Amino acid sequence: MSMLEVDGLRTGYGSLPVLQGISFSVEEGQTAVIFGLNGAGKTTTVNCLAGLLPVWGGEIRFDGKKVSGKDAQGIVKAGISLSPEGRRVWPGLSVMKNLELGAWSRKDRNKIDETVQMVFGYFPRLDERKSQLAGTLSGGEQQMLAIGRAIMSKPRLLMIDEASLGLSPKLAQTVFQVVSQINDDGTTVVIVEQNVGVLPYADQALIMEKGTITFDGRGEELEKSGELRRTYLGDAAAAEH
Ligand SMILES: Nc1ncnc2c1ncn2[C@@H]1O[C@H](COP(=O)(O)OP(=O)(O)OP(=O)(O)O)[C@@H](O)[C@H]1O
Ligand SMILES: [Mg+2]
């Protein structure tokens, strides 16, 4: 049994269908990356998994238990957390307060403090800026905070939507390395990316096109297959390959 099982999932907006019945699974302890062009349905997928969009059809199972139908809070309590697209930290609150609010589902004060220290271990920059208002952080620091806040609920599955968007190549690599560390420390990761620099950190790679999954395999297979070139550069470029 895989940790996450998505089975024929359908959703959309109003009367507009987006996900056409997608199926995939993620094994515990692994890092899965979802690639795809703008509008492919990547954010729709992770938002639906996070309980932010209604499930129109199909099922989501976590540890074998059905979680589709739970609301966003229920999903967090089940052990799944999302660092959303566009970061969405609370700009008028301090770094510390943003992190503390990420732990809303937990009670034990000491354990919450331990997790704050863990986040500061991953992102020392946040420790240096813990009293600073989140809105005054750089884009990269806000990304660190969004990921840190998502960790504060102690998820077993962490989803990150567009971790590297708008970051310098160097900072993107730093973020990928920290995500890899988080994964090594025992958290399963699903990461939405357009930056193929994440591939060395991925066990599993998925490609989405028009609300469907067109590739699902090992990260190494994807590198060899030419599918990424086809997706991002068009058929002609892949044919030449
Ligand atoms: N709030 C919304 N209302 C209506 N349609 C939406 C909404 N959000 C997304 N869509 C549509 O759903 C489809 C999938 O969008 P989605 O944001 O999931 O793509 P994405 O793969 O995350 O793209 P990007 O790489 O640009 O973030 C697109 O056609 C988009 O226009
Ligand atoms: Mg998106």
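Since we're looking at a predicted model, the values are computed, not measured.

J.: Just checking my understanding: could you explain the nonpolar core for this structure?
T.: Note that soluble globular proteins tend to have their nonpolar side chains buried in a common cluster. Core analysis: the largest hydrophobic core is formed by 43 residues, its most contacted members being Phe35 and Ile147. Secondary structure elements with two or more residues in this core: strand E3 (31–36), helix H3 (95–102), helix H4 (109–122), helix H6 (139–151), strand E7 (157–161), helix H7 (169–184), strand E8 (188–192) and strand E9 (204–209). Per-element tally for this core: the top contributor is H7, with seven residues. Judged by nonpolar contacts, the second largest core, of 29 residues, contains Leu4, Val6, Val18 and Leu53.

J.: I tried to follow the coordination of the magnesium ion (ligand 2) on my own but got confused; where do I start?
T.: Coordination of the magnesium ion (ligand 2) by the protein involves Thr43 (OG1) and Glu85 (OE), with metal-donor separations of 1.9 to 2.2 Å. Pair noted here: Thr43 is in helix H1 (residues 42–49) and Glu85 is in the loop between strand E6 (80–83) and H3, with a separation of 42 residues, a long-range link. Classification of Glu85 as partly exposed rests on a relative accessible area of 33%.

J.: Looking at this structure, how should I read the pairing of strand E1 (residues 4–13)?
T.: Working note: regular strand, side chains alternate between the two faces of the sheet. When E1 meets strand E2 (residues 16–26), the two strands line up antiparallel, connected through eight bridges. Bridge pairing in E2 places Leu4 opposite Val26. With five bridges joining them, E1 and strand E4 (residues 57–62) adopt antiparallel strand pairing. Note on E4: the bridge partner recorded for Val6 is Ile60.

J.: Where do I start with H6 in this structure?
T.: An α-helix turns once every 3.6 residues. As a result, residues three or four positions apart point the same way. Over its 13 residues, H6 extends 19 Å from the first C-alpha to the last, a length consistent with the 18 Å expected when each residue adds 1.5 Å. Of all 13 residues in H6, 12 are buried; the element is thus mostly enclosed. Of all the residues in H6, the buried ones are Gly140, Glu141, Gln142, Gln143, Met144, Leu145, Ala146, Ile147, Gly148, Arg149, Ala150 and Ile151. Buried residues along H6 sit against E6, H3, H4, helix H5 (124–128), E7 and H7.

Procedures and definitions
- Residues numbered from 1 in each chain as written.
- Chains lettered and ligands numbered in written order.
- Predicted model: local features only at pLDDT ≥ 70, side-chain atom pairs only at ≥ 80, totals over all residues.
- Heavy atoms only, no water.
- Core = buried A, V, L, I, M, F, W, Y, C linked by side-chain atoms within 4.5 Å.
- Buried < 20%, exposed > 50% of the residue type's maximum accessible area, 1.4 Å probe, protein only.
- Helix = DSSP H or I, 4+ residues; strand = E, 2+ residues; numbered from the N terminus.
- Donors = N, O, S within 2.8 Å, 3.2 Å for Na, K, Ca; no water.
- Pairing = 2+ DSSP bridges.
- Expected span 1.5 Å × (residues − 1).
- Contact = heavy atoms within 4.5 Å.

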